[in-house]
Amino acid sequence: MKKTFISAAAGSLLAIGSSFALDNTIANDHWDATATSDRPWMMVNEDADHVFHWNNRRHPGQALTKETIWEYVDPFMQPEVTHFLVALCNRNVLYESEVFDTRWKLHEERGCTCPQSRTVETMAATFRGGLDPYRVMIDRAREKGIVPWLSMRMNDLHSISDTEVWKCFGSTFGERHPEYQRNPKAVAKKGTPWTDLALDYAHEEVRERMLRGLAEMLEKYDADGFEFDWLRFEHHLTPGREEELGWCLTDFMRRARAVVDAAAKRRGHPITVAARVTSTPEAAKGLGTDALLWAQEGIIDVIIPCNFLVQTDFRMPLRRWLEEARAKNPKVRVVAGCDQKVTKQYPISWYNLQLMTPEEYYGWFELMLTQGATGFYFFNHFDIPRHRMKFVTTDRLTYERVARARRAYPLSWHETVPNRAMSERWLPATTTERHDLTIPIGRAPQTGKAMVLLGFASEPDASVKASVRLNGVAASEFKPLASQAWLKPLDEPEFDRPEARFTKSSVACAFPASALKDGDNVITVGGAGVASNVLHACELVIGPGRPQQAEGSTVRAFDRDVYVHNANYDEKKIAPYALEDPLAFLDGRKVATPDDWPARRKEILDLFAKEMLGAEPPAPEAVVTELVDEKVGAVAGFAIRRQYRMWFRKDRSGPCVNWIVWLPRHAKKPVPVISFLNYRGNYEIVPDKDIPLMTAWSRNGEKFGITDHRAGETTRGLFQNPDSDTV
């Protein structure tokens, strides 16, 4: 007969998980989002249907559950996130609506057979099963101390050029009323410009329908804020008359504010109103989305200037937004927004889009913080590898924190301007003529080095390299750069298009930090007497130390692998390298005297803290422990299992530790405790369904059955001996 023990010593067992339940400092009750706060806003916008796509990849055809929704949103509800936005609609909606088409009903009525069918079937099964994912997300946000908002896409046109997909993504209202389109003669089919099929808000019928839809959303869902997303998509008025007809959108927003205020009164708490618009005040006004006028009239409380899709705007004039908004209405807040994509290779093609790297995020943050940013807004970030979002949402983004990081600034442009025109671009450029390319940064560092990364149609010769200048300073060194790594497109089969790879040869040009200037930096390439070549890509990289090298003489553009899942665990695969000189400062100076050593020692310790071990946290101000679950009769009836959560602040904000204790159920006196830390979470200790899965990043491996860096049921009870009930 098998014996059952509670640990080898028949004492109690304490398990402390490395999975941190990360909470926030905002109170769980309804929160006035216009209130003054020194804490930077971190706003994350969730697409209406991404959770279904994600679930269908993992559990094809299965309806969502509360637990799977939590598994989906928890990686994004991290300690620095203050606001979580739930986008409720595309061209149609997913919930049952009396105003808009419900996508899964439209799918069934039309018998769609598009690649989205399985996902839409999952939507139907979920809602018909009585679960509303959006309510679950809103409740989960409040549970974690995050402010929940709703987001309404004002003119979404996803998949409009795919006739089969559009059957379930489309709108019967638009089909019945082509006269309400920006181009009444346009037909939804491959090749039709998106902008032609957008609804035209110059028609009262369009405005009135959207107002009814707004009222329905606010009746169904209780949130603390509402975003009017005028960048999905960007054009809403008769072509060529956008600024002239801007009054139509202002009229709509006045009426919409009244609807929101009525809902707030009914709910008994304020509802903050925001508008997401294009990245410059002139373009926003020219498109009819005059956010500064709306701020002046008190229609909106928050302005979110942002790019549309393919180019995070490193040239966004945030300081001007802040100054003009403050002049119009001092109570209005401006939050800088970005998509997750960037274009670095020209001419622009859908097939050379890239995800922003951590270095590029840091560059964008540095630019915005220098201009006075008090918050950041992230759109479409549910598309990126999920472990990478933690980089954005777990860093406290002070200027000092960002300035210590390696930063990158791609050549950028304003993506959305009136009349579908494109703002000024500089590439591609022929090197037989001189080209001065302007890349803004915030503040120039005093030490370190800079690199200018250039991508050419063919290998640049000596004359091309000799023409390269940074603010008139010649490069001190040139190294080959791996183009495929630097200009890697989105990691999906449809983006594997060799014909879109214009750059065949890339080079990294090194400069001292003294060549940099605050604000605009001018990179000069080409000129009279320079050999013919074509420049397709340009980026400025600023780092605190020497560029890392790999593969002999090839310079890596960034300090570390961009994707964690590409990490190497095999020492045999490590490229040749040279260890850093412990007696040389990061800026190249040598340690010459004993008095120099403390400063160099600090650099080394900081390097270990940044790249390997992390910084030692300060002593906690308090230790607060809460019992969150207890089960009498665990472990075949012989134990009492208790799950605790421990905070390190009096107000129970910030990170916390989850731990479990098993006590002998029939002990008559105190017993000894055996404690241990585990690497992935308490759920791996025993196959107990009441122990929650860890939501943090996990290392992949066949041994553990983990393939996407997310914990799953395959590792529950991994360390339990299957032939024993022993813990």
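Look up a bit, the structure's there.
Residues numbered from 1 in each chain as written. Predicted model: local features only at pLDDT ≥ 70, side-chain atom pairs only at ≥ 80, totals over all residues. Heavy atoms only, no water.

Asker: Give a detailed account of the overall build of the protein chain, specifying residues and quantitative values.
Answerer: When its secondary structure is counted, the protein chain shows 18 helices and 28 strands. Relative to its full complement of 727 residues, the protein chain shows a buried share of 56%. Counted over contacts in the protein chain with a minimum sequence separation of 6, partners at least 24 positions apart contribute 78%. In the structure as shown, the protein chain presents an accessible area of about 31,800 Å², 53% of it carried by carbon and sulfur atoms. (Helix = DSSP H or I, 4+ residues; strand = E, 2+ residues; numbered from the N terminus. Buried < 20%, exposed > 50% of the residue type's maximum accessible area, 1.4 Å probe, protein only. Contact = heavy atoms within 4.5 Å. Areas by Shrake-Rupley, 256 points an atom, 1.4 Å probe, with all protein chains shown as cover.)

Asker: Report on the state of the cysteines, specifying residues and quantitative values.
Answerer: Counting across every chain of the model gives zero disulfides. Of all cysteine sulfurs, the one in Cys 538 lies closest to Cys 509, which takes part in no disulfide; the gap is 8.7 Å. What makes Cys 509 buried here is its relative accessible area of 0%. (Disulfide = S-S within 2.5 Å.)

Asker: Kindly report on helix α3 (residues 103-110), identifying the contributing residues and their values.
Answerer: Because each turn of an α-helix spans 3.6 residues, side chains separated by three or four positions end up pointing in the same direction. For α3, the full list of buried residues reads Arg 103, Trp 104, Leu 106 and His 107. Considered in projection along α3, the buried side chains sweep an arc of 160° and stay on one side of the axis. Looking at the buried side of α3, the elements it contacts are α4 (117-128), α6 (163-169) and α7 (172-176). (Arc of directions from axis to C-beta.)

Asker: Tell me about the sheet that holds strand β12 (residues 375-379), and name the residues and values.
Answerer: Spatial strand order, β8-β7-β6-β5-β4-β3-β2-β12-β9: nine strands in an open sheet with parallel pairing. Strand pairing shows two members of the sheet lacking a second neighbour, β8 (333-334) and β9 (336-338), which therefore form its edges. Pairing of strand β3 (residues 83-87) with strand β4 (residues 147-153), which is carried by five bridges, proceeds in the parallel orientation. Bridging across to β4, Ala 87 finds its partner in Ser 151. On the sheet, helix α9 (residues 246-267) packs against β5 (225-229) and β6 (272-277) and is oriented at approximately 160° with respect to β5. (Pairing = 2+ DSSP bridges. Axes fitted to C-alpha atoms, helices over the stretch in contact; angles between N-to-C directions.)

Asker: Before we move on, could you go through the nonpolar core and cite the residues and values that matter?
Answerer: Tyr 134, Phe 228, Ile 303 and Phe 376 are the most contacted members of the largest nonpolar core, which totals 149 residues. Per-element tally for this core: the top contributor is α9, with eight residues. Residues contacting Phe 228, with those up to four places away along its chain left out, are Met 152, Met 154, Leu 214, Phe 252, Met 253, Ala 256, Val 260, Val 273, Ala 274, Ala 275 and Arg 276. Core analysis: the next-biggest nonpolar cluster, separate from the first, contains twelve residues, Ala 639, Trp 662, Tyr 683 and Ile 691 among them. (Core = buried A, V, L, I, M, F, W, Y, C linked by side-chain atoms within 4.5 Å.)

Asker: Quick rundown of the pairing of β12? Include the residues and the values.
Answerer: Two faces belong to every sheet, and in a regular strand the side chains alternate between them. Within β12, five of the five residues are buried, leaving the element largely enclosed by the surrounding structure. Burial along β12 is two-sided: Gly 375, Tyr 377 and Phe 379 facing one way and Phe 376 and Phe 378 facing the other are all buried. With five bridges joining them, strand β2 (residues 41-46) and β12 adopt parallel strand pairing. Along β12, the bridge assignment pairs Met 43 with Tyr 377. Note that β9 and β12 share three bridges and pair parallel. Counterpart to Cys 338 in the pairing with β12 is Phe 378.

Asker: How would you explain the packing of helix α2 (residues 66-73) against helix α5 (residues 133-143) if you had to name every residue and give the values?
Answerer: Direction vectors running N to C along α2 and α5 enclose 55°, while the axes themselves pass 10 Å from each other. With respect to α5, the element α2 is oriented oblique. Read as a crossing pair, α2 and α5 show a hand that is right-handed. Of the residues in α5, those touching α2 at Lys 66, Ile 69, Trp 70, Tyr 72 and Val 73 are Pro 133, Val 136, Met 137 and Arg 140. In the contact of α2 with α5, the residues fall into seven nonpolar, no polar and two charged. (Parallel < 35°, antiparallel > 145°, perpendicular 65-115°, else oblique. Left-handed = near helix turned anticlockwise from the far one by under 90°. Nonpolar A, V, L, I, M, F, W, Y, C, P; charged D, E, K, R; others polar.)

Asker: Give a detailed account of the packing of helix α8 (residues 204-220) against α9, specifying residues and quantitative values.
Answerer: Two elements in contact, α8 and α9, have axes separated by 10 Å at closest approach and are oriented at 20°. Considering their axes alone, α8 and α9 lie roughly parallel with respect to each other. Our pair here, α8 against α9, has a crossing hand that is right-handed. Where α8 approaches α9, its residues Glu 204, Arg 207, Met 210, Leu 211, Leu 214, Ala 215, Leu 218, Glu 219 and Lys 220 are matched on the opposing element by Trp 247, Cys 248, Asp 251, Phe 252, Arg 255, Ala 256, Val 259, Val 260, Ala 263, Arg 266 and Arg 267. Counted by class, the contact of α8 with α9 contains twelve nonpolar, no polar and eight charged residues.

Asker: An account of the side chain of Thr 250 is requested, with residue identities and associated values reported.
Answerer: Structurally, Thr 250 is set in helix α9. With relative accessibility at 4%, the residue Thr 250 sits in the buried group. Beyond its immediate chain neighbours, meaning those up to four positions away, Thr 250 contacts Leu 293, Trp 294, Glu 297 and Ile 299.

Asker: Any chance you could break down the pattern of salt bridges for me, citing the residues and the numbers?
Answerer: Side chains that carry opposite charge are capable of pairing whenever their charged atoms lie near each other. In the structure shown here, the tally under the stated rule is 38 salt bridges. Its salt-bridge partner being Glu 121, residue Arg 118 comes within 3.7 Å of it at the nearest N-O pair. Highlighted residues: Arg 118 and Glu 121, both in helix α4, separated by three residues, approximately one helical turn. Under the relative-accessibility criterion, Arg 118 is labelled partly exposed at 41%. Arg 320 serves as the salt-bridge partner of Glu 282, at 2.4 Å between the closest nitrogen and oxygen. Remark: Arg 320 occurs in helix α12 (residues 318-328) and Glu 282 occurs in helix α10 (residues 281-286); sequence separation between them is 38 residues. A relative accessible area of 47% means that Glu 282 is categorised as partly exposed. Each of Glu 204, Arg 207, Asp 251 and Arg 255 takes part in a single network of salt bridges with overlapping partners. (Salt bridge = Lys/Arg side-chain N within 4 Å of Asp/Glu carboxyl O.)

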